[in-house]
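Structure assessment
Residues per chain are reported as follows:
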Amino acid sequence: MAIVTFYRGHPNPPKTTQGAHLGANAIITCNGKLLLEKRRDSDIWGMIGGGYKKTETGREAIARETYEELGLRIPKEKFTKLA
């Protein structure tokens, strides 16, 4: 029985062994209310967000994710605070 399995260079490694990636989340408020999305896969409410693409800035990633997940087109310039 193998004690350790190495996946370096494997074409389809388990998710836990894949390299880390950057994520972007948006906190969107209107009239003092927080906008959340309800996830289909887990039926849990959460913030809007997802991973960066290699060529994106933080604001571009957040604007794209907001459109992909909610269908809202918010210009990247409207996202003013980045952590």
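Placed above this text is the structure.
Now for a look at the structure at hand. (Residues numbered from 1 in each chain as written. Predicted model: local features only at pLDDT ≥ 70, side-chain atom pairs only at ≥ 80, totals over all residues. Heavy atoms only, no water.)

**A word on the overall build of the protein**
- The helix and strand inventory of the protein stands at one helix and six strands.
- Moving toward the C terminus, one meets the helices and strands of the protein in the order β-β-β-β-β-β-α.
- Expressed as a percentage of its 83 residues, the buried residues of the protein come to 20%.
- Intrachain contacts of the protein at a sequence separation of at least 6 include 32% that bridge at least 24 residues.
- About 7300 Å² of surface is accessible on the protein, with carbon and sulfur atoms providing 55% of the total.
- Across the protein, the 14 positively charged side chains and the 9 negatively charged ones have centroids separated by 3 Å. (Helix = DSSP H or I, 4+ residues; strand = E, 2+ residues; numbered from the N terminus. Buried < 20%, exposed > 50% of the residue type's maximum accessible area, 1.4 Å probe, protein only. Contact = heavy atoms within 4.5 Å. Areas by Shrake-Rupley, 256 points an atom, 1.4 Å probe, with all protein chains shown as cover. Lys, Arg positive; Asp, Glu negative; His and termini not counted. Charge placed at Lys NZ, Arg CZ, Asp CG, Glu CD.)

**Focus on helix α1 (residues 58-70)**
- With 13 residues, α1 should reach 18 Å at 1.5 Å per residue; the first-to-last C-alpha distance of 18 Å fits that figure.
- Those residues of α1 that sit buried are G58, A61, I62, A63, R64, E65 and T66.
- Where the residues of α1 are buried, they touch β1 (23-26), β2 (28-30) and β6 (48-51).
- G71 sits one or two residues past α1 and shows a positive phi near 80 degrees. (Expected span 1.5 Å × (residues − 1).)

**Looking at the environment of I62**
- By the secondary structure assignment, I62 is in helix α1.
- Look at I62 and you get buried, because its relative accessible area is 8%.
- Considered as a pair, I62 and I48 are 14 residues apart in the sequence and their alpha carbons are 8.1 Å apart.

**Things to note about the packing of aromatic side chains**
- What the rule picks out here adds up to zero aromatic pairs.
- It is R73 that lies over the ring of Y67; its NZ or CZ is 3.9 Å from the centre. (Phe/Tyr/Trp six-rings, centres within 6.5 Å; stacked < 30°, edge-to-face > 60°. Lys NZ or Arg CZ within 6 Å of the ring centre and 35° of its normal.)

**Thoughts on the nonpolar core**
- Core analysis: the biggest nonpolar cluster contains eight residues, these being A24, A26, I28, I48, A61, I62, A63 and F79.
- Where this core is concerned, the elements lending two or more residues are β1 and α1.
- At three residues, the largest contribution of residues to this core is made by α1.
- Discounting chain neighbours no more than four positions away, the residues touching A26 are M47, I48, I62, T66 and F79. (Core = buried A, V, L, I, M, F, W, Y, C linked by side-chain atoms within 4.5 Å.)

**So, the side chain of E37**
- Note on placement: E37 falls in strand β4 (residues 37-38).
- With no salt bridge to any partner, buried E37 finds its closest opposite charge in R39, at an N-O distance of 5.0 Å.
- Dropping the residues within four chain positions of it, E37 is found in contact with I44, W45, G46, M47, I48, E69 and L70. (Salt bridge = Lys/Arg side-chain N within 4 Å of Asp/Glu carboxyl O.)

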